[in-house]
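Close look at the chain arrangement
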Amino acid sequence: QQALTGDLAVPADEFAEFAHAVERIHADLLDERSGEVADYIPTLRDADPEKFGIAVCTADGQVFSIGDTAEEFSVQSTSKPFSYAIALEQLGPEEVHRWIGQEQSGGPFNDPLLSLGRDGRPHNPMINAGAIGTLALVDAGKDQSGRLTTVQETWRSMTGERPQLHGSTFVAERDTGFGNAAFANALAKVGKLYGASPTDRRAPEDANEFYTMVCSLTMNAERLARAGATLASGGVAPLSGRQVFSADTASRVLSVMGHSGMYNDSGQFSNQVGLPAKSGVSGNVMMVVPSKQMAVVVFSPRLDAVGNSVRGVEVCKRLVNEFGLHPY
Ligand code: DON
């Protein structure tokens, strides 16, 4: 119907050409084996490093998938833009940014020294301290399972499926997440953990646990591309047409992804690719192409030194070069 009226986000012939390029790039990079899988917990250490999938989804639900796009993985840090979106929807930007900054951190996602600014706020919602602080704002006052349900249902609205907790990933992250526990405690100490008070010892523990649960939600490249397409289209889910976030929320989330989504290679990535993207240590990269109302998700577990999927970054670079997608 939309094709007949010429209303497609990307014209069908242009989408076919893009899909062909994705297929060729996927074939070209099958032999790319540099990088190492994350090794800090068993489920990530045991991931098959050969897995490689690329999924594309447009705002109006045109999809293309090649390779291991149905392979399930824990979403990890690619949950962060969406947690930020939920907080913005619930509280508005002014309140959210009383607690969390919106600047580059200049350090790794888990850096104990470079995570909090002088005013005590984490630099932005894409680093661990910022994501912990952001999630503390979501459904404050509800119990943990109710809060998790809110996050899962938001993902369901975007992707059509309710993501489940990857149990062994969650338990391992929780039992070894000493750095994240320290962030939650540091935020409480400086008065920047929402809901924490001198009489409530549980608040930092709860905040860390909630963050860990959200990182452990199970995703695959196809569904994550639908979530990315939701951001690409001003907050409208590609398959259902439902407005999940306001256009203002989507714009703010993409802006922060644009400068801080790719760990401490974000500046270089912005230089070379110029599009908002977010990566997670399970080996996923979600890139949003606002001008085409489209998202591209790559899953390939081998990571570079800062924690980005090697093939994921390379796919982004090649697509941007080939189609002139760098906006500046
Ligand atoms: O919190 C952590 O350190 C892990 N769950 C890793 C999350 C991730 O992908 C890297 N974070 N920005």
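Above: the structure in question.
For clarity, every value in this text was computed on a predicted model and none was experimentally measured.

As summarised here, the arrangement of the 5 strands in space is β2-β1-β7-β6-β5, forming an open sheet in which the pairing is antiparallel. Two strands in the sheet have a free side with no partner beyond their single neighbour: β2 (63-67) and β5 (277-280). The average undirected angle you get between the axes of adjacent strands in this sheet is 10°. In this sheet, strand β7 (residues 294-299) lies alongside strand β1 (residues 53-58) in antiparallel orientation, the contact comprising 6 bridges. Across the sheet, Ile-54 pairs through a bridge with Val-298, a residue of β7. Together, β1, β2, β6 (284-289) and β7 form the strand contacts of helix α9 (residues 221-232), whose direction differs from that of β7 by roughly 150°.

All right, on to the pairing of β1 then. Among the 6 residues that make up β1, 6 are buried, leaving the element largely enclosed by the rest of the structure. Every second residue of β1 is oriented toward a common face, with Gly-53, Ala-55 and Cys-57 on one face and Ile-54, Val-56 and Thr-58 on the other, all of them buried. Across 5 bridges, β1 lies against β2 in antiparallel orientation. Its bridge partner lying in β2, Val-56 is registered against Phe-64. Between β1 and β2, which pair antiparallel one after the other, the connecting turn spans 4 residues, and Gly-61 there sits at a positive phi close to 85°.

Phi is positive for Gln-76, close to 50°, though the residue is something other than glycine. For Gln-76, the location among the structural elements is in the loop between β3 (73-74) and α3 (80-99). For Gln-76, a count of 24 C-beta atoms within 10 Å translates into the label buried. With a phi close to 50°, Asp-139 is a non-glycine residue in the positive phi region.

What counts and what doesn't
- Residues numbered from 1 in each chain as written.
- Predicted model: local features only at pLDDT ≥ 70, side-chain atom pairs only at ≥ 80, totals over all residues.
- Pairing = 2+ DSSP bridges.
- Helix = DSSP H or I, 4+ residues; strand = E, 2+ residues; numbered from the N terminus.
- Axes fitted to C-alpha atoms, helices over the stretch in contact; angles between N-to-C directions.
- Contact = placed C-beta atoms within 7 Å.
- Buried ≥ 20, exposed ≤ 12 C-beta atoms within 10 Å, placed from the backbone.

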